[in-house]
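# Examination of the molecular architecture
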Amino acid sequence: MKADQTPSWKDLSYEQKKQYFLDYYLIKVLIGIAVLIFASYTACSILRPKPSYRLTIGIYDAALSDDTKEEMVRTMQKELHTAEPIGIDDAFSSLNNDDLMRIVSMSGNGKLDGIIAERSVFEWLAGYGYFKDLTAACDTAFLNQFQDELVVCRGLAVGEGGLLQENAEGSGDPYTAGVRVTDTKLAEWLPELKEPVFGIIAESEAVDELETILVGLKQ
């Protein structure tokens, strides 16, 4: 082989081939692997089915630890005699008005069944008509058991023709929007809330399940 001739791959020694790979291809291979891992993770995140919950409860203004959430879920599952997952969403904040639209979106898609909030916040939410009227939706035995804890709020004001009046929120007829859960296990899990109130989302079909949970958690 002439001195100025570039050696072919087959003429290189093992050490030379190894060094050539390290010098020219290692970085490209590592970048390629990283891109492949990122693409796979992104695809899995998009395609992975979202968890399907038996029911979901939203909580306002209370940051819960993972251990507390797990205990809540286990206790509620025990009351319902089920192993189906239960969602606890503690990301709601009274300082974030975007959460009002999140309630509308989640409830419209059947992904929100109840909300727990401090009484003042709960009355504000009830003014938008988010909750069922418990006197019409709940079992008589449940209403009797919680008769001293029922919370009456004013809802949306409706004018002639079924149209909402201007500034309708919280200026309509009173309705039994919630139940105080101060004397239930829920209060122990939510020490930040001095007077927690539970309401059932108007679109929810889980009234029986939520009644069962509240009765079971009553102390």
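Below, the structure is looked at part by part. No experiment lies behind these values; they were computed from the predicted model shown. For every chain, the first residue of the written sequence is number 1, and numbering continues from 1 onward in sequence order. Local features in this predicted model are restricted to residues whose pLDDT is 70 or higher, and side-chain atom pairs enter the listing and the counts only when it is 80 or higher, whereas totals over whole chains, interfaces and linings include all residues. As a rule here, side-chain values cover all heavy atoms of the structure and leave hydrogens and water aside.

Attention now goes to the pairing of strand 1 (residues 55–60). Classification of residues uses two cut-offs on accessible area relative to the type maximum, computed with a 1.4 Å probe and protein chains only: under 20% is buried, over 50% is exposed, and between them is partly exposed. Think of it this way: any DSSP run of H or I at least four residues long counts as a helix, any run of E at least two long counts as a strand, and we number them from the N terminus. Taking burial as the measure, the 6 residues of strand 1 include 6 buried ones, the bulk of the element. Side chains L55, I57 and I59 of strand 1 all project onto a buried face; the interleaved residues T56, G58 and Y60 project onto the opposite face, where all are buried too. A right-handed crossover is one whose linking path, passing over the helix from the first strand to the second, runs clockwise when the strands point away from the viewer. Tracing the backbone out of strand 1, into helix 3 (residues 66–80) and back to the parallel element strand 2 (residues 86–92) gives a crossover that is right-handed.

A few words on the environment of D61. Summarising the element assignment, D61 is placed in the loop between strand 1 and helix 3. Separated by 34 residues in sequence, D61 and L95 have C-alpha atoms that sit 8.7 Å apart. Contact definition: two residues touch when any of their heavy atoms are within 4.5 Å. Residues contacting D61, with those up to four places away along its chain left out, are F92, S93, S94, V121, E192 and L193. One polar contact links D61 to S94, side chain to side chain, over a distance of 2.9 Å. Pairs of N or O atoms within 3.5 Å make up the polar contacts considered here, provided that, within protein, one atom can donate a hydrogen while the other can accept it, and that residues adjacent in sequence are counted only when both atoms are side-chain atoms.

Quick look at the packing of aromatic side chains now. A pair of aromatic rings is counted whenever rings of Phe, Tyr or Trp (Trp by its six-membered ring) have centres within 6.5 Å, and the orientation is called stacked for planes under 30 degrees apart, edge-to-face for over 60 and tilted otherwise. Counting across every chain of the model gives 5 aromatic pairs. Look at F122 and F131: their rings are 4.4 Å apart centre to centre, the planes differ by 10°, and that puts the pair in the stacked class. For the ring pair W124 and Y128, a centre distance of 6.1 Å and an interplane angle of 85° mean the geometry is edge-to-face. Classification of Y128 by relative accessible area gives partly exposed; the value is 26%. Members of the aromatic cluster, connected to one another through ring pairs, are W124, Y128 and Y130. Each ring is checked for a lysine NZ or an arginine CZ that lies within 6 Å of its centre and within 35 degrees of its normal; such an atom marks a charge sitting over the ring. In this structure, R102 is placed above the aromatic ring of F92, and the distance from its NZ or CZ to the ring centre is 3.9 Å.

Attention now goes to the pairing of strand 3 (residues 114–118). Buried residues dominate strand 3, accounting for 5 of its 5 residues. Across 3 bridges, the pairing between strand 1 and strand 3 is parallel. By the bridge assignment for strand 3, I59 is matched with I116. At least two bridges found by DSSP between two strands are what make those strands a pair. Bridge count between strand 3 and strand 6 (residues 196–200): 5 bridges; the pairing is antiparallel. When the bridges of strand 6 are listed, I116 appears paired with F198.

This brings us to the side chain of T68. Among the structural elements, T68 can be located in helix 3. Here S65 takes part through its side chain, which lies 2.9 Å from a polar atom of the side chain of T68.

Residues V121, F122, L125 and A126 constitute the buried set of helix 5 (residues 119–126). The buried side chains of helix 5 occupy one side of the element, clustering within an arc of 140° when seen end-on. The arc refers to the directions leading from the helix axis to the C-beta atoms.

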